Amino acid sequence: MAKLVVEILDASDLMPKDGQGSASPFVEVDFDKKQPLRTQTKHKDLNPVWNEKLVFDIDNPRDLHNRTIDVVVYNDHKGGHHKNFLGRVRISGASLPPSESEAAVQRYPLDKRGLFSHIKGDIALRIYPVLDGWSNSFAAAPKGNGVESAESFEHDEGEVYEKKTKKKKEKEVKTFHSIPTAAAAPPPVFPGFFGGNQEKPVATEQRSDFARAGPAVAMQMQIPRQNPEFGLVETRPPVAARMGYRGVDKTASTYDLVEQMHYLYVNVVKARDLPVMDITGSLDPYVEVKLGNYKGITRHLEKNQNPVWNQIFAFSKERLQSNLIEITVKDKDIAKDDFVGRVVFDLSEVPVRVPPDSPLAPQWYKLEDKRGVKTRGEVMLAVWMGTQADECFPDAWHSDAYSVSHESLAYTRSKVYFSPKLYYLRVNIIEAQDLVPWEKGREGVNAFAKIQLGNQVKVTKTFPARSLNAIWNEEFIFVASEPFEDFIIITIEDRVGTGKEEILGRMIFAVREVPYRLDHAKLPDPRWFNLIRPHFGEGDAEKKKEIKFASKIHLRLCLEAGYHVLDESTHFSSDLQPSAKILRKPSIGILEVGILSARNLLPMKSKDGGTTDAYCIAKYGNKWIRTRTLLDSLAPKWNEQNTWEVYDPCTVITIGVFDNCQINRGKDESRDTRIGKVRIRLSTLETDRIYTHYYPLLVLSPSGLKKHGELQLALRFTCTAWVNMVAQYGRPLLPKMHYVQPISVLYMDGLRHQAMQIVAQRLARAEPPLRREVVEYMLDVDYHMWSLRRSKANFFRIMALLSGITAVCKLYNDICNWRNPVTTCLVHILFLILVCYPELILPTVFFYLFVIGVWNYRYRPRHPPHMDARLSQAEFAHPDELMEEFDTFPTTQPSQFVRARYDRLRHVAGRVQTVVGDLATQGERAQAILSWRDPRATAIFIIFSLILAIFIYVTPFQVVAVIVGLYLLRHPRFRHKMPSVPVNFFKRLPSKSDMLL
């Protein structure tokens, strides 16, 4: 007998239904109105994997194409006694393949059951008939558009198991994505712009076979969802904050967002009265701290019998390889280092220190020889067991850095950095007087001013040669940083010819002497300054005697302390406070971030079969933190916790992971390699809730999107001033000066670039330096550059916003066409009520918004947002688009590539030009209604307006509203497919498109 096999593989991104952000889904399949079969229940899983086969009997295979397969996903609410609807798929038998060999895995988006259903997610199915003896009589229907995944599903060819008898666990199947065939037509939206140059464009195909499956919504193959590999993974690490401090050291509350890591600390302070080991009577001592195979060495001090080291060593408790720790003093020698003495400690006798205890006092210990006999010399030591909460942890030498030289050791330590405080410097060049040209007899000068502050240079326009005075009245803005060590250099030059200028005078002014301006009330008064002529050589003594007075320049200078200097994009800025501390608001809360660990990191270096020396950088506000570098580890565990004060909840924290290339690099200048970064907006976090997740580290490169690993973070946002935080939502995002005296967007982009340069230069002067490539990656310095991929992403974001309007229009169309008579009747009744009682309109609208918000509360996001590869259009980006995005400015690519990009840009611009022209045409038609460009159309409109005005005046408003509303909601029997009279009239109005050349 013929059989129908329904393989239910998995589902993804299901709607949570249990009130706790999860669901316990199972699938129920019904074929030909027979007894439905169901799968097992997957408890607390929004991405369940079943891998089950359900088998049905086919009574008449010839009639299979007229049958329907109903696949419904339910939430098992109370152990099978109650179930919640999670979505459905209805599949027509006409769409089934003729045999098992031609069946492919397809992903179907789950459909709603009704208008008010909240459904999301999709399900992977593989459906095929098993026709014994019916092969020749079966009429194959058109195949679906799915293709097999690279990792194919394993089948038992000879046997098909029913659900009741199936006990054997099948091999796990990874998530399959439906990929349209090449025959699928691309969507009719900007052809050539969205995937026009891609080899395999992702298309949207309408499945016509669903029209025969019943009254359900037509099936539509959607763009594949984001790869689950790029999603968040929630974790429950054993941190004190999650465990409620049960079974945890009470002092763990200091670092309650990270796992406690225990270390053995050895503080080598100094030595005294060491014996002389060399024939010359000198001693070059150093200390070797050895624990098992791990060995730490202090620096050696030449010719010193009472050396002072003050160096701390930290050995991880997880890697303790011995019960004894040896501290040996040795003499540095050319051939072989001499043994001076040693001290041995038993680890079982080492005391435990827990902060906030005071530091352990070091003690003097007598040195012993190799036989354990006391010898000459003493060494001052302190040995204790502690955690990463110890204050000496950041500066200690760690056992995993045993191969690092003393010069590179600083690059492995954790540090905190602060960005310099930045100000806008406003310079108003008003005029200059009594300018003296070098050429005698000239009656005027072609003068222009050049203003320089550090690396920033601005030039005024050239004032024409009419007299010896010049008037510009131009204003420039620079970025200055504390402690204001720079000078403003203003040079007046005379353009005497093409490419030839002569300096007429120069003025140098210290930035620290410029007055501050806190608000927009009044600018400082302008001042006159003397211009100094350039220095003369010995041969110009006669010219020097001729100059008996100085030229003057009129300036207005001020430091704008009421602005916030942007060094990152406003879309994901971490600080919005003004420069002046007196204008800043008090903090509203505390952000605590625990950087726990990473896993599955890709090897960034090719040495030793591939290694990675990973460290993390976190930036929020002006505070940067750097974790220690863990060497040769693809699964590092940092467990470091940091705290920031929060002044605005609508800010973003950025955390990046890098590969350290500065360790033992020699003379080569190496750049730290980016592994990935995470951005988290604080306003999306619930207060006092702890978020612990693995975040994917995604990096976009010219070769495509790559996942370099996962970063585990623990976050907690604590509000300390609820009133201030709620009031913050009613205040402007930026300080007051940005709105009272705004700076243009184009000017702001240049200032942001200059601010980023200053921050990068200042942080590069720290020890260890925060390198420029790290700062640029964290601040997204190239965010404003052109990218076709970003343009696509922004277009689809706009289309997603417009989809809401499209849904409303579709609902209106369904009401007008009486698709659901009950809903249409209710809308008519509601319309008549609102017309009779217009005072209920606004209360109804706002009450409806309130109900929607309360209804959506149970479906609120449970996880913080992260980098979305699908939203960014990065997962399927074309290589040529990525090559263009990562190209330098100006370009360095060959001419044929640039020509191809230019042709593509012209094609895209042509489409945009057409759309803009159509919009202009509609606007000009609206203007032409009363402009008498078409005298007949204008006359018809004004006469109709007069008649309509009289009719509305003599008719009550409710009657007019009812007539208009009933006309718009009229039954389809009173409608026709031809355009209405107002539409025909509007399209006949003239525009200016025929006036274009």
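Since the structure is predicted, the reported quantities are computational estimates derived from the model, not experimental observations.

### Looking at the overall build of the protein
Step number 1: The secondary structure content of the protein amounts to 14 helices and 38 strands.
Step number 2: Considering the protein as a whole, with its 997 residues, one finds that 44% of them fall into the buried category.
Step number 3: Roughly 54,300 Å² of accessible area belongs to the protein as shown, and the carbon and sulfur atoms make up 56% of that amount.

### Quick notes on the sheet that holds strand β7 (residues 106-109)
Step number 1: One open sheet accounts for four strands, arranged β4-β1-β8-β7; its pairing is antiparallel. Two strands in the sheet have a free side with no partner beyond their single neighbour: β4 (49-57) and β7. Sheet twist, expressed as the mean angle between neighbouring strand axes with direction ignored, is 30°.
Step number 2: Note: strand β1 (residues 3-12) against β4, seven bridges, orientation antiparallel. From the neighbouring strand, Ile 8 faces β4, where its bridge partner is Glu 52.

### Here's the deal with unusual backbone geometry
Step number 1: In the segment running from Glu 482 into Pro 483, the intervening peptide bond is cis, with an omega of 10°.
Step number 2: Note on placement: Pro 483 falls in the loop between β25 (470-481) and β26 (487-497).
Step number 3: Residue Pro 768 follows Glu 767 across a cis peptide bond; omega there is 0°.
Step number 4: Secondary-structure assignment places Pro 768 in the loop between α5 (745-763) and α6 (772-779).
Step number 5: Positive phi, normally seen in glycine, also occurs at Asn 639, with a value near 55°.
Step number 6: Considering the arrangement of structural elements, one finds Asn 639 in strand β34 (residues 637-646).
Step number 7: Looking at Asn 639, the relative accessible area reads 3%, which means it is buried.
Step number 8: Residue Trp 932 is not a glycine yet carries a positive backbone phi of 60°.
Step number 9: By relative accessible area, which is 48% here, Trp 932 ends up partly exposed.

### Some points on the pattern of salt bridges
Pairs can form between side chains of opposite charge whenever their charged atoms are close.
Step number 1: For the coordinates displayed, the defined rule picks out 45 salt bridges.
Step number 2: As a salt-bridge pair, Lys 450 and Glu 493 come within 3.5 Å of each other at their nearest N and O atoms. With Lys 450 in strand β23 (residues 447-453) and Glu 493 in strand β26, this pair connects stretches of sequence that are 43 residues apart.
Step number 3: Lys 450 gets classed as partly exposed once you look at its relative accessible area, which sits at 29%.
Step number 4: Asp 814 is the salt-bridge partner of Arg 819, the closest N and O atoms lying 3.5 Å from each other.
Step number 5: Among the residues examined, Arg 819 registers a relative accessible area of 60% and is labelled exposed.
Step number 6: Judged by relative accessible area, which is 18%, Asp 814 ranks as buried.

### Quick look at a nonpolar patch on the surface
Step number 1: A cluster of nonpolar side chains, contributed by Ile 841, Leu 842, Val 845, Phe 846, Tyr 848, Leu 849 and Ile 852, occupies part of the molecular surface with about 690 Å² of accessible area.
Step number 2: Topologically, Leu 849 is positioned in helix α9 (residues 841-856).

### Details of the nonpolar core
Step number 1: Counting residues in hydrophobic clusters, the biggest one holds 34 residues, and the most contacted among them are Ile 429, Leu 435, Ile 488 and Ile 492.
Step number 2: Going through the elements one at a time, β22 (422-433), β23, β25, β26, β27 (500-510), β29 (527-531) and β30 (551-560) are the ones with two or more residues in this core.
Step number 3: Apart from residues no more than four positions distant in its own chain, Leu 435 is found in contact with Val 445, Ala 447, Leu 468, Ala 470, Ile 492, Leu 504, Leu 531 and Ser 551.

### Quick notes on the packing of helix α8 (residues 821-836) against helix α13 (residues 957-968)
Step number 1: Running from amino to carboxyl end, α8 crosses α13 at an angle of 160°, the nearest separation of the two axes being 10 Å. Overall, the two elements α8 and α13 adopt an arrangement that is roughly antiparallel. The way α8 lies across α13 gives a crossing that is right-handed. Listed contacts from α13 to His 828, Phe 831, Leu 832 and Val 835 of α8 are Gln 958, Ala 961, Val 962, Gly 965 and Leu 966.
Step number 2: Grouping the amino acids of the contact of α8 with α13 by side-chain chemistry returns six nonpolar, three polar and no charged.

### Some remarks on the packing of aromatic side chains
Step number 1: Tallying each qualifying case throughout the model produces 20 aromatic pairs.
Step number 2: Judged by centre distance (6.2 Å) and plane angle (45°), the rings of Tyr 263 and Tyr 265 are tilted.
Step number 3: Through successive ring pairs, a cluster of aromatic residues spans Tyr 263, Tyr 265, Trp 384 and Phe 393.
Step number 4: Positioned above the aromatic ring of Tyr 74, the side-chain terminus of Lys 83 is 4.3 Å from the ring centre.
Step number 5: Over the ring of Phe 478 we find Lys 458; its NZ or CZ atom is 5.0 Å from the centre of that ring.

### So, the sheet that holds strand β37 (residues 690-701)
Step number 1: Read from one edge to the other, the open sheet built from five strands follows the order β11-β37-β38-β31-β34, with strand pairing classed as antiparallel. Of all strands in the sheet, those bounded by a partner on one side alone are β11 (233-234) and β34.

### A look at the confidence of the model for the protein
Step number 1: A residue-level look at the protein finds 87% of positions with pLDDT of 70 or above and a mean pLDDT of 82.
Step number 2: Between residues 134-224, whose pLDDT stays under 50, and residues either more than four places distant or in other chains, the model counts 167 contacts.

### What to know about the side chain of Ser 414
Step number 1: Relative to the helices and strands, Ser 414 is located in the loop between β20 (397-398) and β21 (415-418).
Step number 2: The residues touching Ser 414, leaving out its near neighbours within four places in the chain, are Pro 394, Arg 626, Thr 627, Arg 628 and Glu 640.

What counts, and where the lines are drawn
- Residues numbered from 1 in each chain as written.
- Predicted model: local features only at pLDDT ≥ 70, side-chain atom pairs only at ≥ 80, totals over all residues.
- Heavy atoms only, no water.
- Helix = DSSP H or I, 4+ residues; strand = E, 2+ residues; numbered from the N terminus.
- Buried < 20%, exposed > 50% of the residue type's maximum accessible area, 1.4 Å probe, protein only.
- Areas by Shrake-Rupley, 256 points an atom, 1.4 Å probe, with all protein chains shown as cover.
- Pairing = 2+ DSSP bridges.
- Axes fitted to C-alpha atoms, helices over the stretch in contact; angles between N-to-C directions.
- Salt bridge = Lys/Arg side-chain N within 4 Å of Asp/Glu carboxyl O.
- Patch = residues over 30% accessible without salt bridge, like charges linked within 9 Å, V, L, I, M, F, W, Y side chains within 5 Å.
- Core = buried A, V, L, I, M, F, W, Y, C linked by side-chain atoms within 4.5 Å.
- Contact = heavy atoms within 4.5 Å.
- Parallel < 35°, antiparallel > 145°, perpendicular 65-115°, else oblique.
- Left-handed = near helix turned anticlockwise from the far one by under 90°.
- Nonpolar A, V, L, I, M, F, W, Y, C, P; charged D, E, K, R; others polar.
- Phe/Tyr/Trp six-rings, centres within 6.5 Å; stacked < 30°, edge-to-face > 60°.
- Lys NZ or Arg CZ within 6 Å of the ring centre and 35° of its normal.
- pLDDT = per-residue confidence, 0-100.

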